[in-house]
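Reading the structure
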Amino acid sequence: MSRTIWYQLASAPAVALVASPAAATDYLTLEQAQRVLIPQAASFRPVAVALSDAQRKRIGKLAGTPQRTAQPKIWQALDGKRTLGWVFVDEVIGKHEFITYAVAISPDGQVLGVEIMSYRESKGGQIRNPRWRAQFKGKSSQDRLRLGKDIANISGATLSCRNVTDGVKRLLVLQSVLQSSAA
Amino acid sequence: MASSGCWYCNRCCNPVLPELITRCRPLLGTFVEVTVAATHADAVTGAFAEIERVHRLMSFHEADSDLGKLRRAPAGSVVKLDPATVFVLTEALRLHRESGGLFDVTVGRQLVEAGFLPLCETHNADSFRGTCADITIVDDQRVTLGAKMLIDLGGIAKGYATDSAIGYLQRAGAPMGLVNAGGDLRLFGERQWPVHLRDGDGEMRETILAQDCALASSANALERRQIGTREWSPHIGADGQPVLTQGRVTVIADSCMLADAMTKIALVDRTLAAQMLGARGTVLPPLPPLPSQTQAAA
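Just so we're clear, the structure is a prediction, and the values are computed from it rather than from any experiment.

Reading guide: rules and limits
- Every chain's residues receive numbers from 1 upward, in the order its sequence appears when written.
- Lettering for chains starts from A, numbering for ligands starts from 1, and both go in the order in which the items are written.
- Selection of residues for local features in this predicted model requires a pLDDT of at least 70, selection of side-chain atom pairs for listing and counting requires 80 or more, and totals for whole chains, interfaces and linings are taken over all residues.
- With hydrogens and water set aside, each side-chain value is computed from the structure's full complement of heavy atoms.
- The quantity called pLDDT is the predictor's confidence in a given residue, expressed from 0 to 100.
- Only DSSP runs of H or I covering at least 4 residues are called helices, and only runs of E covering at least 2 are called strands; the numbering of each starts at the N terminus.
- Between two residues, a contact is recorded if the distance between any of their heavy atoms is within 4.5 Å.
- Exposed residues in this analysis have more than 50% of their type's maximum accessible area, buried residues have under 20%, and partly exposed residues fall in between, with area computed by a 1.4 Å probe over protein chains only.
- By definition, the arc is the one covered by directions from the helix axis to the C-beta atoms.
- Residues are called lining when one of their atoms sits within 4 Å of a cavity or pocket point, these points coming from a 1 Å grid over the protein atoms alone, where a cavity is a set in which a 1.4 Å probe fits but cannot get out and a pocket is an open set with protein on both sides within 12 Å along at least five of seven lines.
- Grid points are joined across faces, edges and corners, and a volume is the space filled by probe spheres set on the points.
- All residues other than Ala, Val, Leu, Ile, Met, Phe, Trp, Tyr, Cys, Pro, Asp, Glu, Lys and Arg, Gly among them, are scored as polar; the first ten of these are nonpolar and the last four charged.
- Salt bridges are counted wherever a side-chain nitrogen of Lys or Arg sits within 4 Å of a carboxyl oxygen of Asp or Glu.
- In this analysis, rings of Phe, Tyr and Trp, with Trp reduced to its six-membered ring, are considered paired at centre separations within 6.5 Å, and the interplanar angle assigns stacked below 30 degrees, edge-to-face beyond 60, and tilted for intermediate values.
- Whenever a nitrogen or oxygen atom comes within 3.5 Å of another N or O atom, the pair is scored as a polar contact, on the condition that within protein one atom can donate a hydrogen and the other can accept it, and that pairs from neighbouring residues in sequence are kept only if both atoms are in side chains.
- Definition used in this section: a nonpolar core is a set of buried Ala, Val, Leu, Ile, Met, Phe, Trp, Tyr and Cys residues joined via side-chain atoms within 4.5 Å.
- Domain delimitation follows an automatic or database domain assignment.

1. With respect to the confidence of the model for chain B
Residue and element names in this part refer to chain B. Averaged over all residues, the pLDDT of chain B is 88; the fraction at 70 or higher stands at 91%. At the low end of the mean pLDDT range in chain B sits helix 1 (residues 6-9), at 46; at the high end sits helix 6 (residues 157-171), at 98. For the stretch residues 1-11, pLDDT sits under 50, and the model shows 20 contacts to residues farther than four places along the chain or on other chains. Overall fold confidence (pTM) sits at 0.87, and the ipTM for the predicted complex is 0.83.

2. As for helix 2 (residues 30-37) of chain A
Restricting attention to buried positions, one finds in helix 2 of chain A the residues Leu30, Ala33, Gln34 and Leu37 of chain A. All buried residues of helix 2 of chain A lie within an arc of 100° about the axis, which places them on one face of the element.

3. A closer look at the layout of surface pockets
Residues and elements named next belong to chain A. Computed from the structure, the second largest pocket encloses a volume of approximately 490 Å³. Every residue lining the second largest pocket is counted, 21 residues in all, and those nearest its centre are Arg68, Asp90, Glu91, Val92 and Arg170. Elements represented by at least two residues in the lining of the second largest pocket include exactly strand 4 (82-93) and helix 6 (162-182). When residues of the lining of the second largest pocket are assigned to their parent elements, the largest contribution, five residues, is made by strand 4. A per-class count over the lining of the second largest pocket returns five nonpolar, seven polar and nine charged.

4. Section: the pattern of salt bridges
Applying the stated criterion across every chain, the model contains 25 salt bridges over all chains. A salt bridge links arginine 82 of chain A to aspartate 79 of chain A, with the nearest nitrogen and oxygen atoms 3.8 Å apart. Judged by its relative accessible area of 33%, aspartate 79 of chain A falls in the partly exposed class. Among the salt bridges present, the one from arginine 198 of chain B reaches glutamate 121 of chain A, with a minimum N-O distance of 2.9 Å. Linking arginine 198 of chain B in strand 8 (residues 193-198) with glutamate 121 of chain A in strand 6 (residues 111-121), this pair reaches from one chain into another. Glutamate 121 of chain A shares its class with arginine 198 of chain B; the two are buried. A network of salt bridges, in which partner residues are shared, links Asp199, Asp201, Arg205, Glu206 and Arg248 of chain B.

5. Some points on the packing of aromatic side chains
The full count for this structure, using the stated rule, is two aromatic pairs over all chains. Ring geometry for tyrosine 119 of chain A against phenylalanine 31 of chain B: centres 5.5 Å apart, planes inclined by 70°, an arrangement best described as edge-to-face. Of the two residues, tyrosine 119 of chain A is situated in strand 6 and phenylalanine 31 of chain B in strand 2 (residues 30-37); the pairing between them involves two chains. Phenylalanine 31 of chain B sits in the buried class, given a relative accessible area of 9%. Relative to tyrosine 160 of chain B, the ring of phenylalanine 87 of chain B lies with its centre 5.9 Å away and its plane at 50°, an arrangement referred to as tilted.

6. Quick notes on the side chain of serine 218 of chain B
All names here are of chain B. Tracing the chain through its elements places serine 218 in strand 10 (residues 213-219). Of the residues examined, serine 218 reaches a relative accessible area of 4% and is grouped as buried. A distance of 2.9 Å separates polar atoms of two side chains, one belonging to serine 218 and the other to threonine 263. Sequence-distant contacts of serine 218, defined by excluding residues within four places in its chain, comprise His235, Gly247, Arg248, Val249, Thr263, Lys264 and Leu267.

7. Here's the deal with the environment of arginine 198 of chain B
Take arginine 198 of chain B: its relative accessible area is 9%, and that puts it in the buried class. Residues arginine 198 of chain B and threonine 250 of chain B lie 52 residues apart in sequence; the distance between their C-alpha atoms is 9.7 Å. Setting aside anything within four residues of it in sequence, one finds arginine 198 of chain B in contact with Ala23, Glu121, Ile154, Ser155, Gly156 and Leu159 of chain A together with Glu203, Met204 and Arg248 of chain B. Side-chain polar atoms of arginine 198 of chain B contact the side chain of glutamate 121 of chain A, separated by 2.9 Å. For arginine 198 of chain B, the side chain forms a polar contact with the main-chain oxygen of glycine 202 of chain B, separated by 3.4 Å.

8. Here's the deal with the nonpolar core
Among soluble globular proteins, nonpolar side chains are generally buried collectively. Met58, Leu70, Ile151, Leu153, Ile156, Leu169 and Met262 of chain B are the most contacted members of the largest nonpolar core, which totals 75 residues. Both domains that meet at this core, namely domain 1 (19-54 + 156-288) and domain 2 (73-145) of chain B, each give it at least three residues. Apart from the residues lying within four places of it in its own chain, the contact partners of isoleucine 151 of chain B are Phe60, Leu67, Leu70, Leu89, Val105, Ile135 and Leu145 of chain B. Counting residues in each nonpolar core, the second largest holds 45 residues, with Ala33, Leu37, Val87 and Ile154 of chain A among its members.

Pasting the structure below:
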């Protein structure tokens, strides 16, 4: 890269945006997330689960973060009759962000992969407002894969992914609780 | 967001544009995005694998990382590390020397005591008082620490990981790509990418167009911890005291590792950072004060 390019960059007209953009990105639809996480699977079968209050409490205690929903979204990844693993789709709500992510867990309880499906950020108090979140429900599973022009590239102070890593730990506990109750 | 004309019309700046795809994973303690031309979508998994490799080697949090090995090693012993870790440590030591100690990867003790990093398997951070002067690079796979210390590569490893992932995308033949590791990003190809710069208060007021370069930003106004009566940020100055700033610095360079590290120096001394970068990069000028700030000053 030549020095000239930097000068162009440094003197590029800075655009003062009218309203500061809030980051909002869709990365993967449900089908894409499943395919990326367990590519060998021939099919993904939805698994209906209803957690009892006792199970939810136990998961929250073991994981250290509350298991909010009693109906976790789970798919069994199958190759014929063989189970290759499970895909969990979950949401975490931070102070300013609302994140939908997918985790693949192997039959022996190992994390096979984690993919962020969508990321929403707001500066107001909407994050904890169910109506604000509801507008995004089902969006990821229906939208086409977004084109790069829709992705806002942002550079600033590093955002922590702690909420998601805590969520992954909780889903590992959830999976082991479900397995032990099935046994 | 897409209303600002030229940045998004994808015609005037970018006459022929292939479709892009972006994926995002939680890695390196942050959200890592990889964007590549859709024709090379398969390369994304390999790029993430590069970042995962750096994460495993250079994570402070994981006991079996190279940093875990270093903090468990008895003082004076030779520790065998991955060549990538030795490379990053060597670069960190060079930057430490050239910045008069402003860039320092041996501030793990202060970051643990301020609560920015966990204690991990060490029982007491207080005994880890070694400095950069106690680090000896033996060869490309071996390092000796003359005194116990907690090394944290948080100010440089995200940049190195980004460079590694970009290298993978380029070797895979992708015509263009972008890797963004929590704000430390690098991009390549015949495309001008709009990049929003997020200020210390979380607002984005400035957008630049970037092409074939790396870019990193640092701020800490929203990353503070109160310990007793003292306020701490994750940035520690040469005097061992926290660097507290409301502003944001952004550095453009030819490698993301360099851009990442240089933001830590520029937070304290923009002129020194610009001198050290020389022909390899630039520190973006600070934004003019906001009207509200000007009024407050008046």
